[in-house]
Amino acid sequence: MSNTSPSYIMYGIKNCDTIKKARRYLEDNGIDYKFHDYRVDGIDDALLSQFIEKLGWEVLVNKRGTTWRKLSDSEKNAVVDAASATKILLAEPAMIKRPILVSSDGCYLVGFSIDEYNQFTK
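Source: prediction; values computed, not measured.

Mind showing me how you'd approach the environment of Asp-41 here?
Along the chain, Asp-41 falls in helix H2 (residues 38-41). In this structure the C-alpha to C-alpha distance between Asp-41 and Cys-107, which are 66 residues apart in sequence, comes to 21 Å. Setting aside residues up to four positions removed in sequence, Asp-41 forms contacts with Phe-35 and His-36.

Pasting the structure below:
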């Protein structure tokens, strides 16, 4: 990577298979990016609030992952709005849908597909 600001920031967890595929895509295509690992670099209320504002809390809550499935029914049923989603996602960052790719001009993309990345990184 160069000393200039990267064109993209990818948010996620390093050992996630989808993150690995997305990172490989960026690297194979020579796309400059910085990786922000929630477990290493953390996530705070300000960053999560920014994601929720741009994407909506419903998009961010990964209901297909192991962390969600481990929650009790009452915990799952309590995730009903941005405030409740923020609380649980800060406590369990592995539950944030990933990757989140943010361009230097402030556009956001959640998840990974080659077609979407082709469009997003043009």
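Honestly, the layout of surface pockets in this entry has me stumped. Any pointers?
Rolled over the atoms, a probe with the dimensions of a water molecule shows which regions are left empty. If you add up the space inside the largest pocket, you get close to 210 Å³. Broken down by class, the residue content of the lining of the largest pocket amounts to two nonpolar, two polar and four charged. The computed volume of the second largest pocket comes to approximately 150 Å³. Taken together, Leu-71, Glu-75, Ala-78, Val-79, Ser-84, Lys-87, Ile-88, Ala-91 and Glu-92 form the lining of the second largest pocket. Of the residues that constitute the lining of the second largest pocket, the class distribution is five nonpolar, one polar and three charged.

Looking at this structure, I do not really get the pairing of strand E3 (residues 100-103). What am I missing?
Neither face of E3 is exposed, since Ile-100 and Val-102 on one face and Leu-101 and Ser-103 on the opposite face are all buried. Alignment of strand E1 (residues 8-12) against E3, held across four bridges, turns out to be antiparallel. In the sheet register, Ile-9 faces E3, and the bridge partner there is Val-102. Bridge count for E3 against strand E4 (residues 108-110) is three bridges, and the pairing is antiparallel. Within E4, the residue paired with Ile-100 across the bridge is Val-110. Hairpin connection between E3 and E4: a loop of four residues separates the two successive antiparallel strands, and Gly-106 in this loop has a positive phi of roughly 85°.

Could you clarify how one ought to interpret the side chain of Thr-121 in this entry?
As for its placement among the helices and strands, Thr-121 is situated in the segment after helix H8 (114-120). Judged by its relative accessible area of 17%, Thr-121 is buried. Polar contacts involving the side chain of Thr-121 include one to the main-chain carbonyl oxygen of Tyr-117, which spans 2.6 Å.

Cut-off values and rules
- Residues numbered from 1 in each chain as written.
- Predicted model: local features only at pLDDT ≥ 70, side-chain atom pairs only at ≥ 80, totals over all residues.
- Heavy atoms only, no water.
- Helix = DSSP H or I, 4+ residues; strand = E, 2+ residues; numbered from the N terminus.
- Contact = heavy atoms within 4.5 Å.
- 1 Å grid on protein atoms, 1.4 Å probe; cavity = no way out; pocket = protein on both sides within 12 Å on 5 of 7 lines; lining within 4 Å.
- Points joined across faces, edges and corners; volume = space filled by probe spheres on them.
- Nonpolar A, V, L, I, M, F, W, Y, C, P; charged D, E, K, R; others polar.
- Buried < 20%, exposed > 50% of the residue type's maximum accessible area, 1.4 Å probe, protein only.
- Pairing = 2+ DSSP bridges.
- Polar contact = N/O pair within 3.5 Å; in protein donor to acceptor, adjacent residues only side chain to side chain.

None of this, on its own, says anything about what the molecule does.
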